[in-house]
Amino acid sequence: MEDSTLFAAPGSSLHPAIGHLGRLALAVFAPQNGLRHYLKMQYADQTFKGLYHWNWFDAALLIPYFAVMILLAIYGIHRYTLTWNYYKFRKNYSPNPPKHFDDLPRVTVQLPMYNEQFVIDRLIEAVCAMQYPREKLEIQVLDDSTDETQQVAAQIVERYAAMGHPIVYIHRTNRHGYKAGALDEGLRIAKGDLVAIFDADFVPPADWLMQVIHHFAEPEIGMVQTRWTHLNRDYSMLTQIEAILLDGHFVLEHGARARSGEFFNFNGTAGMWRRQAITDAGGWQHDTLTEDTDLSYRSQMAGWKFKYLPHVECPAELPIEMTAFKTQQARWAKGLIQTSIKLIPSIWRTDIPRRLKVESIYHLTANLSYPLMVVMTALLIPCMIVRFYQGWFQMLLIDVPLFTASTLSIAVFYLVSQRELFPKTWWKSFLHMPGLMALGIGLTVTNTKAVMEAIFGIKSAFARTPKYSVQKKGEKSKAAKKYRKRLVLAPWIELLIGAYFFLAILYCFTNQNYFTAPFLILFVFGYWYTGLMSLLQGSFDRWRTGGANQEESSPKPFPVGV
């Protein structure tokens, strides 16, 4: 670390800021002699050796900066641990159920929906085509819609019921409890001992029920989750990155936790519950935005075992617009923190093994990394100035290990998941890693707001992710205008932060600090990409077309600014 007394005699009282400005002036006006001069300045110049003295100005910046970096590194090391456990406990996974039912149990399939008229025909057609005895199957369409979806869904249900399918339409006049409330109300009149749940954007294959059902022949199994796949993975760069993000969750996170016997969560869809496991956990509750994770932990604490079947796939639609994706991610971020506040004290008081408690804390608090990223963003450039001319040894000793733990772990985590799914073509995922990491950075503004709302107990409505029913690249959907989320302030904040980091890159090149620039480019691209895409797909498009239908978007969306 270089001293702020660069232009003063040792021991003088020159203000630290003046020293930093002087150092900046030296860097700007120093002669530029190419690579030789750069290497000399970085590694051979001993002019200022021994002049540094610790001062409170530097400490006030560097202590919180490194504290944040260490916390991020801890979560990064946990990603390495999950990857290790995935392979360590690989033998614990068997795709085949150890027992089979002699007589198939009665199953209720619940289809919760809200203003999703463009995808419900596809969903109901797929569910009605599932292979299962009709006399032991019940299909509930749980519709909370406030728009034309009511009429569309009712007509589709009437048509399939006339064809002999055991399907019923249930519409609520209020959204009490949102999705959790709809599922709970449907469960009260459900006839099945087992309950499968599919969101409106999913298209379960015909053999899905038969692949899952026999795993419940083990009486201790309370829930079985299957793996999401992606109908529109190749629609755009955004959907390709979204697919990789979800693949990491469903391959390594779920895989590692399920194989090592740790708690993991139902994902809200593409899974099946034993009805008694829901009842023993206290039923569906709607005091968090992730009712699925909340119920999952309560059920497992009540003694029920969960299974994860990665070989059973259930295709779904990925959000095609940045605003829809940000809304989804913010809801998940806020909901998980709400669940952590609600359940971690209870988890810690139970008599389950300590490793399960620790893993639960890692899982439920992972989104705290977003506020930490905000702190790091604010401190990054001032700390870079303070540490100018620090030298390669200090960087190698401190920064490289922290970077490897926190940032490199992200790339490793998702590349491994792609290698597991696509062993012959996984290497192509390297091309998406910069975009993936930049997108994660770009989500910082909206997700931090969501996390802070959860911490301070600010309640908000359950805002479902718009479904557009598109699969092919370039395909348009009339649902986009109807269900597009309103944009307010967040995109502009993201653009400003991106400009801040762009100026930092110019500063780096001015001072020949070339090694820092690639890292900062991720910040620029991340913030500008999420900000510009939000504007181009929202406000600017609405202005160009003279105003989109705001029926569903008119109420303030969650989170504010998305």
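Read on for an overview of the structure. This structure is a prediction, so every number in the text was calculated from the model and none was measured.

1. Concerning the side chain of Thr-407
Logical step 1: With respect to the helices and strands, Thr-407 occurs in helix H14 (residues 392-421).
Logical step 2: On the basis of relative accessible area, Thr-407 is assigned to the buried category, the value being 14%.
Logical step 3: At 3.5 Å, the side chain of Thr-407 forms a polar contact with the side chain of Ser-406.

2. Some remarks on the pattern of salt bridges
Logical step 1: Considering all chains together, one arrives at 20 salt bridges under this definition.
Logical step 2: Here Arg-122 makes a salt bridge to Glu-317, at a shortest N to O gap of 3.2 Å. One end of the pair, Arg-122, is in helix H4 (residues 120-128); the other, Glu-317, is in the loop between strand S7 (305-316) and helix H11 (322-349), and 195 residues separate them in sequence.
Logical step 3: You can call Arg-122 buried: its relative accessible area is 18%.
Logical step 4: Given the relative accessible area of 7%, Glu-317 is considered buried.
Logical step 5: A salt bridge links Glu-253 to Arg-257; its shortest N-O distance comes to 2.9 Å. Of this pair, Glu-253 and Arg-257 are both found in helix H8 (residues 237-259), four residues apart, which corresponds to roughly one turn of the helix. Judged on exposure class, the residue Glu-253 and its partner Arg-257 are both buried.
Logical step 6: Ionic contacts of the salt-bridge type, sharing partners, join the residues Asp-287, Asp-294, Arg-298 and Lys-342 into one network.

3. Quick notes on a nonpolar patch on the surface
Logical step 1: Taken together, Ile-341, Ile-455, Phe-456 and Ile-458 make up a surface patch of nonpolar side chains, about 400 Å² in accessible area.
Logical step 2: With a relative accessible area of 39%, Ile-455 lands in the partly exposed category.

4. Here we look at the side chain of Asp-144
Logical step 1: For Asp-144, the position within the fold is in the loop between strand S2 (137-143) and helix H5 (149-162).
Logical step 2: Given a relative accessible area of 4%, Asp-144 falls into the buried group.
Logical step 3: A polar atom in the side chain of Asp-144 sits 2.7 Å from the side chain of Arg-172.
Logical step 4: If near-sequence neighbours (up to four positions away) are discounted, Asp-144 is found in contact with Met-113, Tyr-114, His-171, Arg-172, Asn-174, Arg-175, Tyr-178 and Ala-182.

5. A short note on the sheet that holds S7
Logical step 1: Sheet architecture is open: seven strands sit in the order S3-S2-S1-S4-S6-S5-S7, paired in mixed fashion. Sheet topology places strand S3 (167-171) and S7 at the edges, where each strand pairs with a single neighbour. Each neighbouring strand pair of the sheet contributes to a mean axis angle of 20 degrees, computed without reference to strand direction.
Logical step 2: Judged from the three bridges that link them, strand S5 (residues 221-230) and strand S6 (residues 271-274) form a sheet pairing that is antiparallel.

6. Observations regarding helix H12 (residues 354-365)
Logical step 1: For H12, spanning 12 residues, the distance from its first C-alpha to its last is 17 Å, which sits close to the expected 16 Å at 1.5 Å a residue.
Logical step 2: Turning to H12, its buried residues number three or more, namely Leu-356, Lys-357, Glu-359, Ser-360, His-363, Leu-364 and Thr-365.
Logical step 3: In this fold, the buried residues of H12 make contact with helix H3 (56-88), H8, helix H10 (291-301) and H11.

7. Description of the pairing of strand S1 (residues 107-113)
Logical step 1: Within S1, seven of the seven residues are buried, which leaves the element mostly enclosed by the surrounding structure.
Logical step 2: Side chains Val-107, Val-109, Leu-111 and Met-113 of S1 all project onto a buried face; the interleaved residues Thr-108, Gln-110 and Pro-112 project onto the opposite face, where all are buried too.
Logical step 3: Inspection of the sheet shows S1 paired to S2 by seven bridges, in the parallel sense. Considered in S2, the bridge of Val-109 is made with Ile-139.
Logical step 4: Read from S1 through H4 to S2, the crossover connection turns out right-handed.
Logical step 5: Note: S1 against strand S4 (residues 194-197), four bridges, orientation parallel. Within S4, the residue paired with Val-109 across the bridge is Ala-196.

8. Considering the nonpolar core
Logical step 1: With 65 residues, the main nonpolar core has Leu-111, Trp-208, Met-272, Trp-273 and Trp-284 as its most contacted residues.
Logical step 2: Sorting elements by how many residues they give to this core places S7 first, with six residues.
Logical step 3: Each residue touching Trp-208, except ones within four places of it in the same chain, is listed here: Met-130, Ala-196, Phe-198, Thr-226, Ala-270, Gly-271, Met-272, Val-312, Glu-313 and Cys-314.

9. Things to note about the packing of aromatic side chains
For any pair of aromatic rings, geometry is given as the distance between the ring centres together with the angle between the planes.
Logical step 1: All told, the structure shown has 20 aromatic pairs when counted by the stated rule.
Logical step 2: Between Phe-202 and Trp-228 the ring centres are 5.1 Å apart and the planes differ by 75 degrees, which places this aromatic pair in the edge-to-face class. With a gap of 26 residues between them, Phe-202 in the loop between S4 and helix H7 (208-213) and Trp-228 in strand S5 connect regions that are remote in the sequence. Of the two residues, Phe-202 and Trp-228, neither departs from the other in class, the shared state being buried.

Definitions and cut-offs
- Residues numbered from 1 in each chain as written.
- Predicted model: local features only at pLDDT ≥ 70, side-chain atom pairs only at ≥ 80, totals over all residues.
- Heavy atoms only, no water.
- Helix = DSSP H or I, 4+ residues; strand = E, 2+ residues; numbered from the N terminus.
- Buried < 20%, exposed > 50% of the residue type's maximum accessible area, 1.4 Å probe, protein only.
- Polar contact = N/O pair within 3.5 Å; in protein donor to acceptor, adjacent residues only side chain to side chain.
- Salt bridge = Lys/Arg side-chain N within 4 Å of Asp/Glu carboxyl O.
- Patch = residues over 30% accessible without salt bridge, like charges linked within 9 Å, V, L, I, M, F, W, Y side chains within 5 Å.
- Areas by Shrake-Rupley, 256 points an atom, 1.4 Å probe, with all protein chains shown as cover.
- Contact = heavy atoms within 4.5 Å.
- Pairing = 2+ DSSP bridges.
- Axes fitted to C-alpha atoms, helices over the stretch in contact; angles between N-to-C directions.
- Expected span 1.5 Å × (residues − 1).
- Right-handed = clockwise from strand over helix to strand, strands pointing away.
- Core = buried A, V, L, I, M, F, W, Y, C linked by side-chain atoms within 4.5 Å.
- Phe/Tyr/Trp six-rings, centres within 6.5 Å; stacked < 30°, edge-to-face > 60°.

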